[in-house]
Amino acid sequence: MTEEYQKRINTVFEFIDANLDSELSLETVAQIAYYSPFHFHRIFKMITNETLNNYIIRRKIEKAASLLVHKRELSVTTIVHQLGFTSNAVFTRTFKNYYHQNPSDFRKTHPHKFSKISQIDSKNSQQMENYETYICNLIHLKNFTTMHAKIEIKELNAQPYAYVSHIGIEELEKAFQKIIQWCTPKQILENNNSKIIRVFHDSFKITASDKVRMSIGVTLPETIAVNGEISIGNLPKGKYIVGRYELLIEDLEKAWTGLFIWMNENSYKKADHNPFEVYHNDFNKHPEKKAIIDLCIPVE
């Protein structure tokens, strides 16, 4: 029964992501899961540790934060309308509850952690110290990317995948074990084109680590029937920055940050769909415990 709950909630996650600009009442969303509102409310909180209303508001605000950083050409008012808030005042008040800044100040103080050096101002000694620290970190990450990444711009086809949902970083390895246990008897990984993947529906730069939602999955040659907590997703067709790395798992955050720096310095803009990782080996079997992995950022 828990597996069935999770599968239906996966459908709800996808529906909410696609309809953040709409009125998402408990009754409307419960219908997507085929549960009564009362029963759905209890199940949703059990799985996510949030009420539906809190989850939707948080997703809207985090989407707004992402747009403020990545879509700097959009005005705050445009973002308010895109995400279905009733007014600028309501949006600003809600945004400040999450980030302790109003949206305009958030945009000014987050000029992209990955923006060009010339955008940083250094008017006093404290700002100069922050500036110097920023430059050191930037140089370090750029050097790491140069040394460890082979970067290409690729047009990728749409790709179905089977997945389990996971929220937060605790017990993440269990999610990988679940998908491997599911696909092993089906010999899915015997197909050289099928790979273990991780799709990020949230950003660790914006969302608290215990709330970040990920899909841990395996790519498929074609869509197949699934059951239990396994669901089917689709990697969208489009242009991607693809960075091939061979690295220790603990260096993944550094690799992702460096790749976003590369994206911005080469004047690419992130597209609306989700970044993901593609694993080409079992790092536990690598002589140096390194993962051979593609980091993929969708771009416009």
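Residues numbered from 1 in each chain as written. Predicted model: local features only at pLDDT ≥ 70, side-chain atom pairs only at ≥ 80, totals over all residues. Heavy atoms only, no water.

(A) Spatial organisation of the overall build of the protein. Check the secondary structure of the protein and you find 10 helices and 8 strands. The dimensions of the protein, computed from C-alpha atoms along their principal axes, are 60 × 55 × 30 Å. For the protein, the share of sequence-separated contacts (at least 6 apart) that also reach a separation of at least 24 residues comes to 70%. By element, 50% of the accessible surface of the protein is carried by carbon and sulfur atoms, the whole surface being about 16,100 Å². With 37 positive and 35 negative side-chain charges, the protein shows a separation of 3 Å between the mean positions of the two kinds. (Helix = DSSP H or I, 4+ residues; strand = E, 2+ residues; numbered from the N terminus. Contact = heavy atoms within 4.5 Å. Areas by Shrake-Rupley, 256 points an atom, 1.4 Å probe, with all protein chains shown as cover. Lys, Arg positive; Asp, Glu negative; His and termini not counted. Charge placed at Lys NZ, Arg CZ, Asp CG, Glu CD.)

(B) Here's a closer look at helix α1 (residues 2–18). Given a rise of 1.5 Å per residue, 17 residues ought to cover 24 Å, and the 25 Å separating the end C-alpha atoms of α1 matches this to within 8%. Within the span of α1, buried status applies to Y5, Q6, I9, N10, V12, F13 and I16. Buried positions in α1, seen along its axis, are confined to an arc of 170 degrees and lie on one side of it. Check the buried side of α1 and you find it contacts α2 (26–33), α3 (37–48), α4 (52–70), β2 (159–167), β4 (213–219) and β5 (231–235). (Expected span 1.5 Å × (residues − 1). Buried < 20%, exposed > 50% of the residue type's maximum accessible area, 1.4 Å probe, protein only. Arc of directions from axis to C-beta.)

(C) Just the packing of α1 against α3, in detail. Between α1 and α3, the shortest axis-to-axis distance is 10 Å and the interhelical angle comes to 90 degrees. By the angle between their directions, the pair α1 and α3 is classed as roughly perpendicular. Side by side, α1 and α3 meet where Y5, Q6, I9, V12 and F13 of the first sit next to H39, F40, I43, F44, M46, I47 and T48 of the second. Considering only residue class, the contact of α1 with α3 consists of 9 nonpolar, 3 polar and no charged. (Axes fitted to C-alpha atoms, helices over the stretch in contact; angles between N-to-C directions. Parallel < 35°, antiparallel > 145°, perpendicular 65-115°, else oblique. Nonpolar A, V, L, I, M, F, W, Y, C, P; charged D, E, K, R; others polar.)

(D) Representation of the sheet that holds strand β1 (residues 149–156) in the model. Spatial ordering of the open sheet is given by β1-β6-β8-β7-β3-β4-β2-β5, a layout of 8 strands whose pairing is antiparallel. Each end of this open sheet is capped by a strand with a single partner; those strands are β1 and β5. For this sheet the average axis-to-axis angle between neighbouring strands, irrespective of direction, equals 30 degrees. (Pairing = 2+ DSSP bridges.)

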